[in-house]
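Letter by letter, the chains look like this.
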Amino acid sequence: MQLFQWIADIPTLVMNNYPILLQGLWLTVRITFTAIVVGIIWGTFLALMRLSNNKILNSFAKIYVTTFRSIPLLLVLMWFYFALPQMIKHLFHLGPDADIGTSCAIIAFTLFEAAYYSEIIRAGINAVSKGQYHAASALGMTRSQSMRLIILPQAFRAMVPLLLTQGIILFQDTALVSTIGLVDLLGAAVKRIGENIGSTAEYSMIIFVAITYFIICFGTPRLIRKISYFKKG
Amino acid sequence: MITLENVSKWYGKFQVLKNCTTKVGKGEVVVVCGPSGSGKSTLIKTVNGLEPIQQGKIIIDDTEITNPSTNLAKLRSKVGMVFQHFELFPHLTILKNLTLAQIKVLGRSDEEAREKALSLLDRVGLLAHANKYPAQLSGGQQQRVAIARALCMDPIVMLFDEPTSALDPEMVNEVLDVMVELAYEGMTMMVVTHEMGFARKVAHRVIFMDAGEIIEDTSKEQFFTNPQSDRAKDFLAKIIH
C-alpha cells in the first residue's frame with residue numbers, strides 16, 4: 001500500500017524541514033490572530049453602525065457587509081494581494097521590490113471576516129431583551145453607556161460559541177493564501193518542502209498538513225471549554 | 001410633580017393612548033389599573049420617555065420630557081422605575097447592579113456608591129446576597145433588588161410597571177411590603193398593578209383605564225365604593241372576590 005508508505009515518510013520529512021514548517025505555521029497564526037481580533041473589533045463597529053439611526057453610517061455598513069459577503073474570499077484576497085500593493089507602491093513611491101503583499105493579505109482577511117463577525121454580533125445585540133435597554137435607560141444611562149456596560153457584555157457572552165466557530169472557519173480559510181504564493185503552513189509543507197524534494201514527498205506533506213489542521217480545529221474548542229470550566233471553578 | 005396633558009400614542013394606525021390627561025402631586029400614590037391591553041403599561045412608560053408619544057405633553061418636575069432639547073438621560077436618573085420582569089443586569093453581581101449607575105451616571109465615588117447600595121440592600125432585607133448574581137435569587141428577591149437599585153439614584157418619583165404580576169403568589173407580599181413602606185415614607189409613586197389590596201391600603205387616587213382611555217380618575221374611596229362607569233364596575237366585580 002502506497003498510502004502507508006506516504007504516512008511512514010512523514011516523520012523524517014518533518015524532522016528534516018521543521019524550520020520551514022514553523023515559519024509557515026507562524027504566518028497562518030499571524031493571519032488568523034489578526035483577522036480574529038481586529039475583525040471582531042471592526043465587526044462590532046459595523047454592527048453598531050447597522051443598528052444606528054444615522055442613515056449614512058447605516059447604509060455604509062449595509063453596503064460593506066453585503067459586498068464582502070457576496071464576493072468569494074479568494075477574489076478579495078487576489079485583489080488585495082496583487083492589485084492593491086501595486087497601487088500603494090505607486091502612491092507612496094515605493095520600490096517595486098518592497099514586500100507589502102503579506103500585510104495586504106492580512107488586511108484582506110481582516111476586512112472580509114469583519115463582515116461576517118458583524119452579522120454575528122448584530123444578531124447577538126438584537127437577542128438581548130428590550131427590557132434591558134429600558135432598565136439601563138431608566139437609570140439615566142446614555143445610549144452609548146447602555147451599549148457598552150449592559151448590552152454588549154451580555155451579547156458577547158451569548159456569542160462566544162458562534163465567534164469561536166467563525167474563528168475556526170477563518171483558520172481553515174487561511175490555507176487559501178498558499179494559492180497566491182504566500183508561505184503559510186500549507187504553502188510551506190506542500191510547495192516548499194513537497195515540490196522541492198519531489199517523488200511522493202508532496203503526498204506525505206498533504207497528509208501531514210491535513211492532520212495538523214484537524215488536531216488544531218478539533219482540539220482548540222475543547223481546550224477552551226476546559227479552561228473556562230476550570231475558571232468557573 | 002408629574003403632569004400628562006392630552007397624551008396620545010399610535011402603533012402604526014392603532015391608537016394605544018387616547019388623550020390621557022392626569023396629574024400626580026408630590027407625595028401622592030396613584031394606582032393605575034384596568035384590563036390587560038388597556039394601555040396602562042404603555043402610559044407609565046411614556047412618563048419617563050421610554051415610549052415616545054406622538055401628541056400631547058408630559059412634564060416632570062418642571063421639565064417637559066416631550067421637548068426635544070430635554071436631556072432625557074439626566075431626567076430619567078431622577079425617575080426610578082421598576083419593571084414587570086425585574087430587568088436586573090444578569091452579568092453583574094447584585095452589588096454591581098446597584099452601584100453601576102450611581103458611579104457612571106451620578107458620578108459618585110466607588111465607596112459612596114457602595115455604602116448607599118449596601119444600606120438599601122439592608123433595607124429590602126437582602127444584604128446577605130450582595131455578592132450573588134441575579135439568577136441565584138428568587139423572583140421576589142430580584143424584584144426587591146430592582147426596587148433598591150432604583151432607590152439608589154435618590155429618585156424624586158418612582159414608577160412601577162406591574163411589579164408583582166410575574167411573581168409566584170407566595171412572593172407577592174414581600175415586594176408589596178417594601179412598596180407600602182415606601183408609600184408611608186412619602187415617596188411619590190405611580191403604580192400599574194392589579195393588587196387592589198395594595199391600592200386600598202396606600203393609594204390616594206386610582207386611575208382606571210380601558211382601551212387606551214382614562215375612564216376614571218378619582219379618590220380611592222370613590223373608586224372602590226362608588227365607581228361611575230359600567231366598565232369600572234365590571235372590572236371591579238371581576239377582580240375582587
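Residues numbered from 1 in each chain as written. Chains lettered and ligands numbered in written order. Predicted model: local features only at pLDDT ≥ 70, side-chain atom pairs only at ≥ 80, totals over all residues. Heavy atoms only, no water.

> Explain the pattern of salt bridges to me, and be specific about the residues and the numbers.
Residue and element names in this part refer to chain B. Considering all chains together, one arrives at 17 salt bridges over all chains under this definition. For Glu185, the salt bridge is made with Arg123, and the minimal N-O distance between the two is 2.9 Å. Taken as a pair, Glu185 in the loop between α6 (169-184) and β8 (189-192) and Arg123 in helix α4 (residues 110-123) lie far apart in primary sequence, 62 residues in all. With a relative accessible area of 35%, Arg123 lands in the partly exposed category. (Salt bridge = Lys/Arg side-chain N within 4 Å of Asp/Glu carboxyl O. Helix = DSSP H or I, 4+ residues; strand = E, 2+ residues; numbered from the N terminus. Buried < 20%, exposed > 50% of the residue type's maximum accessible area, 1.4 Å probe, protein only.)

> Pulling in residues and values, what's your account of the sheet that holds strand β3 (residues 29-33) of chain B?
All names here are of chain B. Ordered in space as β6-β7-β8-β3-β9-β10, the 6 strands form an open sheet in which the pairing is mixed. Each edge of the open sheet is held by one strand with a lone partner, namely β6 (79-82) and β10 (213-219). Each strand of the sheet is rotated relative to its neighbour by a mean of 15°, with strand direction disregarded. Where β3 lies against β8, 4 bridges are found, and the strand directions are parallel. Bridge pairing in β8 links Val31 to Val191. In this fold helix α1 (residues 40-47) packs onto β3, β6, β7 (157-161), β8 and β9 (205-210), with an angle of close to 150° to the strand it touches most, β8. Packing against the sheet, helix α5 (residues 139-151) makes contact with β6 and β7, and its axis sits at approximately 170° to β6. (Pairing = 2+ DSSP bridges. Axes fitted to C-alpha atoms, helices over the stretch in contact; angles between N-to-C directions. Contact = heavy atoms within 4.5 Å.)

> Lay out the packing of helix α1 (residues 2-51) of chain A against helix α2 (residues 55-70) of chain A in plain terms, naming residues and giving numbers.
Residues and elements named next belong to chain A. Between α1 and α2, the shortest axis-to-axis distance is 7 Å and the interhelical angle comes to 125°. Between α1 and α2, the crossing angle belongs to the class labelled oblique. Crossing hand, α1 versus α2: left-handed. Facing Trp42, Leu46, Met49 and Arg50 of α1, the residues of α2 in contact are Leu57, Asn58, Phe60, Ala61, Lys62 and Tyr64. (Parallel < 35°, antiparallel > 145°, perpendicular 65-115°, else oblique. Left-handed = near helix turned anticlockwise from the far one by under 90°.)

> With reference to specific residues and values, describe the interface of chain B and chain A.
Across the boundary between the two partners, chain B contributes 21 residues, which contact 18 residues of chain A. Buried surface at the junction of chain B and chain A, both sides included, amounts to about 1,700 Å², of which 67% is carbon and sulfur. Looking only at chain B, the three residues that lose the most surface to chain A are Glu87(B), Phe89(B) and His91(B), adding up to 32% of its buried area. Where chain B touches chain A, the interface holds 4 residue pairs in polar contact (both at pLDDT 80 or more). Of all the secondary-structure elements, those providing two or more residues to the side of chain B that touches chain A are α2 (72-76), β6 and α3 (94-104) of chain B. Top contributing element to the side of chain B that touches chain A by residue count: α3(B), with 3 residues. Across the side of chain B that touches chain A, the residue classes break down as 12 nonpolar, 3 polar and 6 charged. (Buried area = accessible area lost by both parts, 1.4 Å probe. Polar contact = N/O pair within 3.5 Å; in protein donor to acceptor, adjacent residues only side chain to side chain. Nonpolar A, V, L, I, M, F, W, Y, C, P; charged D, E, K, R; others polar.)

> Could you give me a rundown of the UniProt feature "domain: ABC transporter" (unreviewed entry) in chain B, with the residues and numbers involved?
UniProt's entry tags residues 2-236 of chain B with the feature "domain: ABC transporter" (unreviewed entry), counted in the numbering of this structure. Helix and strand shares over residues 2-236 of chain B are 37% and 26% respectively, and the end C-alpha atoms of the span are 26 Å apart. (UniProt positions renumbered as here; feature names shortened; annotations may be inferred.)

> Describe in detail a negative patch on the surface, supporting the description with residues and values.
Residues and elements named next belong to chain B. On the surface, a cluster of negative charge is made up of Asp110, Glu111, Glu112 and Glu115. With respect to the helices, strands and loops of the structure, Glu112 is situated in helix α4. Accessibility expressed as a relative area gives 44% for Glu112, which makes it partly exposed. (Patch = residues over 30% accessible without salt bridge, like charges linked within 9 Å, V, L, I, M, F, W, Y side chains within 5 Å. Areas by Shrake-Rupley, 256 points an atom, 1.4 Å probe, with all protein chains shown as cover. Lys, Arg positive; Asp, Glu negative; His and termini not counted. Charge placed at Lys NZ, Arg CZ, Asp CG, Glu CD.)

> Tell me about the UniProt feature "transmembrane region" (unreviewed entry) in chain A, and please be specific about residues and values.
All names here are of chain A. In the numbering used here, UniProt assigns the "transmembrane region" (unreviewed entry) feature to residues 20-49, 70-88, 100-117, 158-183 and 203-224. Strand forms 0% of residues 70-88 and helix 89%; the C-alpha atoms that close the span are 25 Å apart. Split by type, residues 100-117 is 94% helix and 0% strand. Its first and last C-alpha atoms lie 25 Å apart.

> Any details on α3(B)? Residues and values, ideally.
In terms of burial, α3(B) is largely enclosed, as 8 of its 11 residues are buried. Inspection of α3(B) places Ile94(B), Leu95(B), Asn97(B), Leu98(B), Thr99(B), Leu100(B), Ala101(B) and Gln102(B) among the buried residues, and these make up the whole buried set. Of the surrounding elements, those touching the buried residues of α3(B) are α6 (143-173) of chain A together with α4 and α5 of chain B.

> I'd like a description of a nonpolar patch on the surface, backed by residues and values.
Residues and elements named next belong to chain A. The grouping of Trp26, Val29, Phe33, Val37, Val38, Ile41 and Phe45 at the surface amounts to a nonpolar patch, some 680 Å² of accessible area in total. Among the secondary structure elements, Phe33 is positioned in helix α1. Take Phe33: its relative accessible area is 57%, and that puts it in the exposed class.

> Report on the pairing of β7(B), specifying residues and quantitative values.
Residues and elements named next belong to chain B. Burial within β7 is extensive, with 5 of its 5 residues counted as buried. On β7, burial covers both faces: Val157, Leu159 and Asp161 on one face and Met158 and Phe160 on the other are all buried. Handedness of the crossover joining β7 and β8 through α6: right-handed. (Right-handed = clockwise from strand over helix to strand, strands pointing away.)

> If you had to explain the packing of helix α3 (residues 73-92) of chain A against helix α4 (residues 101-127) of chain A to someone new, which residues and values would you point to?
All names here are of chain A. Two elements in contact, α3 and α4, have axes separated by 9 Å at closest approach and are oriented at 135°. The orientation of α3 relative to α4 falls into the category oblique. When you trace α3 past α4, the crossing you get is right-handed. Contacts between α3 and α4 pair Leu73, Val76, Leu77, Phe80, Tyr81, Leu84, Pro85 and Ile88 from the former with Gly101, Thr102, Cys104, Ala105, Ile107, Ala108, Phe109, Leu111 and Phe112 from the latter.

> So what's going on with the packing of aromatic side chains? Residues and values would help.
Residues and elements named next belong to chain A. The tally for this structure, following the rule as stated, stands at 12 aromatic pairs over all chains. For the ring pair Tyr64 and Phe68, a centre distance of 4.7 Å and an interplane angle of 45° mean the geometry is tilted. Taken together, the residues Tyr64 and Phe68, both in helix α2 and 4 residues apart, mark about one turn of the helix. For the residue pair Tyr64 and Phe68, the accessibility class agrees, reading buried in each case. (Phe/Tyr/Trp six-rings, centres within 6.5 Å; stacked < 30°, edge-to-face > 60°.)

> Please provide a residue-by-residue account of the nonpolar core, values included.
The biggest cluster of nonpolar side chains holds 78 residues, and the ones touching the most others in it are Leu159(B) and Met190(B). Counting residues per element, this core draws most heavily on α4(A), at 12 residues. Those residues within four positions of Met190(B) in sequence are excluded, and the remaining contacts are Ile2(B), Val24(B), Val30(B), Val32(B), Leu43(B), Ile44(B), Val47(B), Met158(B), Leu159(B) and Phe160(B). Among the nonpolar cores identified, the runner-up in size contains 50 residues, and Val124(B), Ala130(B), Val180(B) and Phe224(B) belong to it. (Core = buried A, V, L, I, M, F, W, Y, C linked by side-chain atoms within 4.5 Å.)

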